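What follows is each chain in one-letter form.
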Amino acid sequence: MENQDQIKDGWFFETCPLWPGMGFSLEIEKILYHKKSRFQHIGVYQTRHHGKMLALDGIIQLTESDEFAYQEMLAHVPLFAHPRPEQVLVIGGGDGGILREICRHGSVKTIDFCEIDEEVIRVSKEFLPSLACGFDDPRIRVHIGDGHAFVLEKKKEYDVIIVDSSDPIGPGDVLFKKPFYEGLKAALKPGGIVATQGESIFLHQECVLRLAKITKELFIKQGYSCIMIPTYPGGNIGICLGSLGPDLNKPAEPVPDQIQDQLKYYTPEIHAASFVLPHFAKQMLARL
Ligand code: SPD
């Protein structure tokens, strides 16, 4: 999808067949980058009120004003639920925000990072340094390639795997299917945890149900954690989690002050509360 048409009279318009009949707009001051890579259209915009914004194929991936909510939760919920995460794998998230959050954990020794589109990394390093600073840590090993293929090569290597995908349309689609989750499970060490971008409980119920069913079949424990974030569709997004041992809905150990002091969204209370779902969602997932 070419997104030139989505900019009109100084406004960026996001629409997508995955949330039909609905649109979201941000006022923009300047197009900073606007080009197609081998895989997708990449756009970086200076918005008037929400800092810089990254869009892939016309879909908002982040704004500087609220990205912390998503990156902190997708990283810290699985990492704090695990008693001692040392080896971590991240699939997708070429902006570097998830890496930035993982690097706050002193127990983590290595971070394998696999991203299909090298251009997203390059553009983020140029325009989004507050996220791409995540790449500066020496524990990170960057692999450019297909995340699914990368996972299939790995057996019992990781304590935590985080999948920071775009939506199930375009290059991210394969990351929402059962064979990928089977690969994730095989790549985890005993007691490992997987956390994947889990879409909105309001807008993508078929997708949330499918991921919940897959994780229920494959993992010992399974959960869905909900995040408030104004610039994602419907103002919310979820994390789909599977565990080969640890409880998912609370930190395994007290959260160190030295990490808590750096965060803006995550707290142990938010961690637990994010698994408490509205009645319709609880009923929907209980029927599985
Ligand atoms: N509907 C947009 C979902 C985007 C999820 N990935 C964002 C990447 C930020 N690191």
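Here is a short report on the structure shown in this document.

The rules behind these values
By convention here, each chain's residues receive numbers from 1 onward along its written sequence. The predicted origin of the model limits local features to residues at a pLDDT of at least 70 and limits the giving and counting of side-chain atom pairs to 80 or more, whereas totals for whole chains, interfaces and linings rest on all residues. Water and hydrogen atoms play no part in the side-chain values, which are based on all heavy atoms of the structure. Residue burial is assigned from relative accessible area. The probe radius is 1.4 Å, only protein chains are included, and a residue is buried under 20% of its type maximum, exposed over 50%, and partly exposed in between. Helix numbering and strand numbering both begin at the N terminus, where a helix is a DSSP run of H or I of at least 4 residues and a strand a DSSP run of E of at least 2. In this scheme, strands are said to pair when DSSP sees at least two bridges between them. Here a crossover is taken to be right-handed if, once the strands point away from the viewer, the path from the first strand over the helix to the second is traced clockwise. Residues enter a nonpolar core if they are buried and are Ala, Val, Leu, Ile, Met, Phe, Trp, Tyr or Cys, with the set joined through side-chain atoms within 4.5 Å. We call two N or O atoms a polar contact when they sit within 3.5 Å, provided that within protein one can donate a hydrogen and the other can accept it, with sequence-adjacent residues counted only if both atoms are side-chain atoms. Any two residues whose heavy atoms approach within 4.5 Å are treated as being in contact. Nearness here has a simple test: a residue counts as near a molecule or strand if at least one of its heavy atoms is within 4 Å of that partner. Note on areas: these come from Shrake-Rupley sampling with a 1.4 Å probe, and a residue is covered only by the protein chains present in the view. For this classification, the nonpolar set comprises Ala, Val, Leu, Ile, Met, Phe, Trp, Tyr, Cys and Pro, the charged set comprises Asp, Glu, Lys and Arg, and every other residue, Gly included, is treated as polar. For this document, the term salt bridge refers to a Lys or Arg side-chain nitrogen within 4 Å of an Asp or Glu carboxyl oxygen. Between the N-to-C directions of two axes lies an angle of 0 to 180 degrees, each axis being a line fitted to C-alpha atoms and, for a helix, fitted only over the stretch in contact.

Here strand 8 (residues 110-115) lies mainly inside the structure; 6 of its 6 residues are buried. Direction of pairing for strand 7 (residues 87-91) relative to strand 8: parallel, over a ladder of 5 bridges. Note that in strand 8 the partner of Val90 across the bridge is Phe113. Handedness of the crossover joining strand 7 and strand 8 through helix 2 (residues 97-102) is recorded here as right-handed.

Bringing the nonpolar core into the picture now. Counting residues in each nonpolar core, the largest one holds 40 residues, and the members touching the most others are Val90, Ile102, Ile111, Ile227, Ile239 and Leu241. Of all the secondary structure elements, the ones that give two or more residues to this core are helix 1 (67-81), strand 7, helix 2, strand 8, strand 10 (158-163), strand 11 (188-197) and strand 13 (236-243). Ranked by residues supplied to this core, first place goes to helix 1 with 10 residues. The next biggest cluster of nonpolar side chains, apart from the first, holds 23 residues, and it includes Tyr158, Leu175, Phe176 and Phe219.

This next bit is on the side chain of Glu101. With respect to the secondary-structure elements, Glu101 resides in helix 2. Glu101 sits in the buried class, given a relative accessible area of 1%. Within polar-contact distance, the side chain of Glu101 engages the side chain of Arg100 at 2.9 Å. Here Arg104 takes part through its side chain, which lies 2.9 Å from a polar atom of the side chain of Glu101.

The complete set of buried residues in helix 3 (residues 118-127) reads Val120, Ile121, Val123, Ser124 and Phe127. Among the structural elements, strand 3 (24-36), strand 4 (41-47), strand 5 (52-56), strand 8, helix 4 (129-132) and strand 9 (140-144) are those in contact with the buried residues of helix 3. Two to three positions downstream of the cap, the backbone nitrogen of Glu119 sits 3.1 Å from a side-chain oxygen, assigning the N-cap of helix 3 to Asp117.

Take the pairing of strand 2 (residues 11-14) next. Every second residue of strand 2 is oriented toward a common face, the buried set being Phe12 and Glu14 and the non-buried set Trp11 and Phe13. With 2 bridges joining them, strand 1 (residues 7-8) and strand 2 adopt antiparallel strand pairing. Residue pairing across strands places Lys8 opposite Trp11, the latter belonging to strand 2. Joining the antiparallel neighbours strand 1 and strand 2 is a turn of 2 residues, in which Asp9 adopts a positive phi near 50 degrees.

If you check the shell around the ligand, you find 14 residues, and the closest are Gln71, Asp95, Asp164, Ser165 and Asp167. A distance of 3.4 Å separates a nitrogen atom of the ligand from a polar side-chain atom of Tyr70. Measuring from a nitrogen atom of the ligand, one finds a backbone N or O atom of Ser165 at 3.1 Å. Across the complex, the protein chains shield 98% of the 340 Å² of accessible surface that the ligand would expose by itself. If you list the elements that add at least two residues to the shell around the ligand, you get strand 6 (59-63) and helix 1. The leading source of residues in the shell around the ligand is strand 6, at 3 residues. Among the residues forming the shell around the ligand, the class breakdown is 7 nonpolar, 4 polar and 3 charged.

The subject of this paragraph is the pattern of salt bridges. Taken as a whole, this structure holds 18 salt bridges when the rule is applied. Across the pair Glu126 and Arg122 runs a salt bridge whose closest N-O atoms are separated by 3.1 Å. In this pair, Glu126 and Arg122 both sit in helix 3, 4 residues apart, roughly one turn of the helix. Judged by relative accessible area, Glu126 falls into the partly exposed class, the value being 49%. Looking at Arg122, the relative accessible area reads 37%, which means it is partly exposed.

The next thing to look at is unusual backbone geometry. The residue Asp9 is not glycine, and still its phi comes out positive at about 50 degrees. With respect to the helices, strands and loops of the structure, Asp9 is situated in the loop between strand 1 and strand 2. Classification of Asp9 as exposed rests on a relative accessible area of 69%. In the Ramachandran plot, Lys156 falls in the positive-phi region, its phi being about 50 degrees despite a non-glycine side chain. For Lys156, a relative accessible area of 59% gives the class exposed.

Before going further, it helps to examine the sheet that holds strand 7. Across the sheet, which stays open at both edges, the 7 strands sit in the order 9-8-7-10-11-13-12 with mixed pairing between neighbours. Two strands bound the open sheet, and with one partner strand each, they are strand 9 and strand 12 (221-228). Strand after strand, the sheet turns through a mean of 15 degrees between neighbouring axes, direction not considered. Examined bridge by bridge, strand 10 and strand 11 share 5 bridges and lie parallel to one another. When the bridges of strand 11 are listed, Ile162 appears paired with Ala195. Contacting strand 7, strand 10, strand 11, strand 12 and strand 13, helix 1 runs over the sheet at an angle of about 165 degrees to strand 11.

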